[in-house]
Amino acid sequence: MNNNTTSRFICVSEEVELRKSDFESNYMILESNRLIGFYSSMPQKEHTPIAHHYFLLMKKGIPCFQDRVIRSISFYEKDHNKVLHVYPGHMNVHGKEYNFIRFRQNEFEDVMGMLPYFEKRNIEFEKPKKFSAVKTLIQFKEMVVMEEVKPNVFRDCSAHHVFFLPISIDVEFLTFQKMITHIRNNCDFKLFEASLVYSVNAEYKIDDFAKIYSPNCEEYRLEEFNEHFEKAALEFQRKE
């Protein structure tokens, strides 16, 4: 890791559309697409969000759920010499709270292979049942390595179209959504996805970021985008 990079364990908050997946499984698995209305003017080959994700729903809450999941994943990866993108998280759908395991489509077999690792730590999962599609807020934890490519502009080292912009105010997700809408309405940056991210720094304080993804990101304009974001932060700081 060079002097321009930093490793952070982050919490990501984002709004998604969920439906029951088509996986053949003995467990309740949902799938998501990010909200894609603002992609309607893009070429068809760029008409999909950054990734399609799946969620294995947990049967009941247990203490230290996230720690148990992370330990289970770590043991599985070491035993099978793999690096996966499987993370613990939380959602509220149809009035019920769920913990979940988030993973990518090509990781389904590995997640099924992890079940004994989860069960060893008393993690049980929901059986299949009816589920109507819903839009909701999800939160999940993951580790990222960020590289500072410009002042106050960080790139995800494992996803070169994903950037992190520091937010200068303490912000909740509803305010963050208003800031993003404000930016889209007041400048020509339209075709991007945004998530609210926080990490805990060495002083045990929260650092907030906007996680920005665009399939046709013009990197040279990110500093300009950051200026618009700062203006939006100041605008909503006055309103809070």
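Take the overall build of the protein chain next. Scanning the protein chain from terminus to terminus reveals four helices and 10 strands. Ordered by position from the N terminus, the helices and strands of the protein chain form the series β-β-β-α-β-β-α-β-β-β-α-β-β-α. When each of the 240 residues of the protein chain is scored for burial, the buried share is 47%. If you take every contact in the protein chain between residues at least 6 apart in sequence, the share linking residues at least 24 apart comes to 69%. About 13,100 Å² of surface is accessible on the protein chain, with carbon and sulfur atoms providing 48% of the total.

What follows covers helix 3 (residues 173-186). Helix length check: helix 3 (14 residues) gives 20 Å between terminal C-alpha atoms against 20 Å at 1.5 Å per residue, within 8%. When we look at burial in helix 3, the residues that qualify are Phe173, Thr175, Phe176, Met179, Ile180, Ile183 and Arg184.

What follows concerns helix 1 (residues 65-80). With 16 residues, helix 1 extends 23 Å between its outermost C-alpha atoms, agreeing within 8% with the 22 Å of an ideal straight helix rising 1.5 Å per residue. For helix 1, the complete set of buried residues consists of Phe65, Val69, Ser72, Ile73, Tyr76 and Glu77. Burial along helix 1 is one-sided: seen end-on, the buried residues are contained in an arc of 130°. Away from its buried face, by an angle of more than 90 degrees, helix 1 presents the exposed residues Asp67, Lys78 and Asp79. Packing partners of the buried residues in helix 1 comprise strand 4 (87-93), strand 5 (96-104) and helix 2 (108-119). Within two residues after helix 1, asparagine 81 carries a phi angle of roughly 50°, on the positive side.

Our next topic: the packing of helix 1 against helix 2. Look at helix 1 against helix 2: their axes get within 9 Å of each other, and the N-to-C directions meet at 115°. Our pair here, helix 1 against helix 2, has a crossing hand that is right-handed. The segment helix 1 lies against helix 2, with Val69, Ser72, Ile73, Phe75, Tyr76, Asp79 and His80 engaging Asp110, Gly113, Met114, Tyr117 and Phe118. Within the contact of helix 1 with helix 2, the residues separate by chemical class into seven nonpolar, three polar and two charged.

This structure, assessed with the given rule, holds seven salt bridges. The closest approach of N and O atoms between aspartate 110 and lysine 82, which form a salt bridge, is 2.8 Å. Here aspartate 110, found in helix 2, pairs with lysine 82, found in the loop between helix 1 and strand 4; they are 28 residues apart in sequence, far enough to count as distant. A salt bridge links lysine 96 to glutamate 126; the nearest nitrogen and oxygen atoms lie 3.7 Å apart. Placement of lysine 96 in strand 5 and of glutamate 126 in the loop between helix 2 and strand 6 (134-150) is noted, with a sequence separation of 30 residues between them. Note on lysine 96: relative accessible area 38%, which makes it partly exposed. Here the salt bridges share partners, and the residues they tie into one network are Arg19, Asp22 and Glu31.

How each quantity is defined
Every chain's residues receive numbers from 1 upward, in the order its sequence appears when written. The predicted origin of the model limits local features to residues at a pLDDT of at least 70 and limits the giving and counting of side-chain atom pairs to 80 or more, whereas totals for whole chains, interfaces and linings rest on all residues. As a rule here, side-chain values come from all non-hydrogen atoms in the structure, and water together with hydrogens is ignored. Helix numbers and strand numbers start at the N terminus; a helix is a DSSP run of H or I with at least 4 residues, a strand a run of E with at least 2. Buried residues are those whose accessible area, probed at 1.4 Å on protein chains only, stays under 20% of the maximum for their type, while exposed residues exceed 50% and partly exposed ones sit between those limits. Any two residues whose heavy atoms approach within 4.5 Å are treated as being in contact. Surface accessibility in these figures is a Shrake-Rupley result with a 1.4 Å probe; residues are shielded only by whichever protein chains are displayed. For a helix, the expected span equals 1.5 Å multiplied by the number of residues minus one. Starting at the helix axis, one direction is taken to each C-beta atom, and the arc is that of these directions. Angles run from 0 to 180 degrees between N-to-C directions of axes, and those axes are lines fitted to C-alpha atoms, restricted for helices to the stretch in contact. Crossing handedness is read from the near helix: turned anticlockwise from the far helix by less than a right angle, it gives a left-handed crossing, and turned clockwise, a right-handed one. Gly counts as polar in this scheme, as do all residues outside two lists: the nonpolar Ala, Val, Leu, Ile, Met, Phe, Trp, Tyr, Cys and Pro, and the charged Asp, Glu, Lys and Arg. Any carboxyl oxygen of Asp or Glu that lies within 4 Å of a side-chain nitrogen of Lys or Arg is treated as forming a salt bridge with it.

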